[in-house]
Amino acid sequence: QVQLVESGGGLVQAGGSLRLSCAASGIIFSIDAVAWYRQAPGKQRELVAGITGGGSTNYADSVKGRFTISRDNTKNTVYLQMNSLKPEDTAVYYCNAQIVYRLGLVGDYWGQGTQVTVSS
């Protein structure tokens, strides 16, 4: 069984920073692409940032220059550093990963989500 666990969410004032972590556990051969999504109340889930197995990154326009996604393959963990937070960043943040759990087999996994609230 593979699990993804997010952590690091919380309440922060506008202009502040948070670092989210997404840790994978279980039988893992390797982790390919990982992405952070977020969903605000009444809105659709949206892609925030992604990172490939090779380390290439992409970001939503709304977070470019403020958020940084990174990975530590030795810890099976992906991070989302969020700076200059705005009230509109308030959402539940989810981690999604493509994980090779057996030779030639890739699964799509989601974490349970972590709440980020930015006060004005």
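Everything discussed here concerns the structure shown above.
As the structure is a computational prediction, the values presented were derived from the model and not from experiment.

Moving on to the nonpolar core. Soluble globular proteins tend to bury their nonpolar side chains together. Counting residues in hydrophobic clusters, the biggest one holds 31 residues, and the most contacted among them are Trp 36, Leu 80, Met 82, Tyr 93 and Ile 99. At the level of elements, strand S3 (18-25), strand S4 (30-39), strand S5 (46-51), strand S7 (67-72), strand S8 (77-82), strand S9 (91-102) and strand S11 (114-119) are the ones that each hand at least two residues to this core. Counting residues per element, this core draws most heavily on S9, which supplies 5 residues. Beyond its immediate stretch of four places on either side in the chain, Leu 80 contacts Leu 18, Arg 19, Leu 20, Trp 36, Val 48, Ala 49, Phe 67, Thr 68, Ile 69 and Tyr 93.

Taken as a whole and judged by the stated rule, the model has 1 disulfide. Between the sulfur atoms of Cys 22 and its disulfide partner Cys 95 the distance amounts to 2.0 Å. Linking Cys 22 and Cys 95, the disulfide has an S-S dihedral of approximately -75° and is accordingly described as left-handed. A residue pair is termed long-range when its members are at least 10 positions apart, and Cys 22 in strand S3 and Cys 95 in strand S9 qualify at 73 residues. For the pair formed by Cys 22 and Cys 95, the shared burial category is buried.

This next bit is on the pairing of S7. Regular strands place side chains that alternate from one sheet face to the opposite one. The side-chain alternation of S7 yields one buried face, formed by Phe 67, Ile 69 and Arg 71, and one unburied face, formed by Thr 68, Ser 70 and Asp 72. Two strands pair when backbone bridges link them, and S7 and S8 are joined in this way by 6 bridges, in the antiparallel orientation. Directly across from Ile 69, in S8, lies its bridge partner Leu 80.

On to the environment of Arg 102. Position of Arg 102 relative to the elements: it lies in strand S9. The exposure class assigned to Arg 102 is exposed, which follows from its relative accessible area of 53%. In sequence terms Arg 102 and Phe 67 are 35 residues apart; their C-alpha atoms lie 32 Å from each other.

Each value, and the rule that gives it
- Residues numbered from 1 in each chain as written.
- Predicted model: local features only at pLDDT ≥ 70, side-chain atom pairs only at ≥ 80, totals over all residues.
- Heavy atoms only, no water.
- Core = buried A, V, L, I, M, F, W, Y, C linked by side-chain atoms within 4.5 Å.
- Buried < 20%, exposed > 50% of the residue type's maximum accessible area, 1.4 Å probe, protein only.
- Helix = DSSP H or I, 4+ residues; strand = E, 2+ residues; numbered from the N terminus.
- Contact = heavy atoms within 4.5 Å.
- Disulfide = S-S within 2.5 Å.
- Pairing = 2+ DSSP bridges.

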